[in-house]
Amino acid sequence: QVQLVESGGGMVQAGGSLRLSCAASGLTFSSYSMGWFRQAPGKEREFVAGIGRSGIDTTYADFVKGRFTGSRDDAKNTVYLQMNSLNPEDTAAYFCAARGSWWPARSPGLYDYWGQGTQVSVSL
């Protein structure tokens, strides 16, 4: 059974940082590209960052470029999202997802597995 478990969310003041982790099990982690998405109340789930199978290829939504960095550690079956310079607009539930392809897609529908999410709340 495939499981993706996010952690690292919490409450932080504007300008602060958080590091999200997503631990994967039940799949050959190195065969999957990984994505980070977020969903705020009343809004659709949106792409945040993608990390390719190589770990070198990454892609980001325009609204996080220069602030967020995605990475992966295949030895730990874990993907990370380092989030800096957070602002209240970043408040959302953050989800990781796995896609059985070398390149992470931006469409949520192209992912095979999802985690349960971790809440990030940013206050002024």
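Because the structure is a prediction, the values reported are computed rather than measured.

Enquirer: Before we move on, could you go through the nonpolar core and cite the residues and values that matter?
Expert: Among the nonpolar cores identified, the biggest contains 34 residues, and Met34, Trp36, Val48, Phe68, Leu81, Met83 and Tyr94 are the most heavily contacted of them. Mapped by element, the contributors of at least two residues to this core are strand E3 (18–25), strand E4 (33–39), strand E5 (46–51), strand E8 (78–83), strand E9 (92–99) and strand E11 (118–123). The dominant element in this core, judged by the number of residues it contributes, is E9, at five residues.

Enquirer: Explain the state of the cysteines residue by residue, including any values.
Expert: Scanning the model with the defined rule gives one disulfide in all. One disulfide bridge connects cysteine 22 with cysteine 96, the sulfur atoms lying 1.9 Å from each other. One quick way to see it: the torsion about the S-S bond of cysteine 22 and cysteine 96 is about 50°, and its sign makes the bridge right-handed. Here cysteine 22, found in strand E3, pairs with cysteine 96, found in strand E9; they are 74 residues apart in sequence, far enough to count as distant. Looking at cysteine 22, the relative accessible area reads 0%, which means it is buried. Residue classification places cysteine 96 among the buried residues on the basis of a relative accessible area of 0%.

The rules behind these values
Residues numbered from 1 in each chain as written. Predicted model: local features only at pLDDT ≥ 70, side-chain atom pairs only at ≥ 80, totals over all residues. Heavy atoms only, no water. Core = buried A, V, L, I, M, F, W, Y, C linked by side-chain atoms within 4.5 Å. Buried < 20%, exposed > 50% of the residue type's maximum accessible area, 1.4 Å probe, protein only. Helix = DSSP H or I, 4+ residues; strand = E, 2+ residues; numbered from the N terminus. Disulfide = S-S within 2.5 Å.

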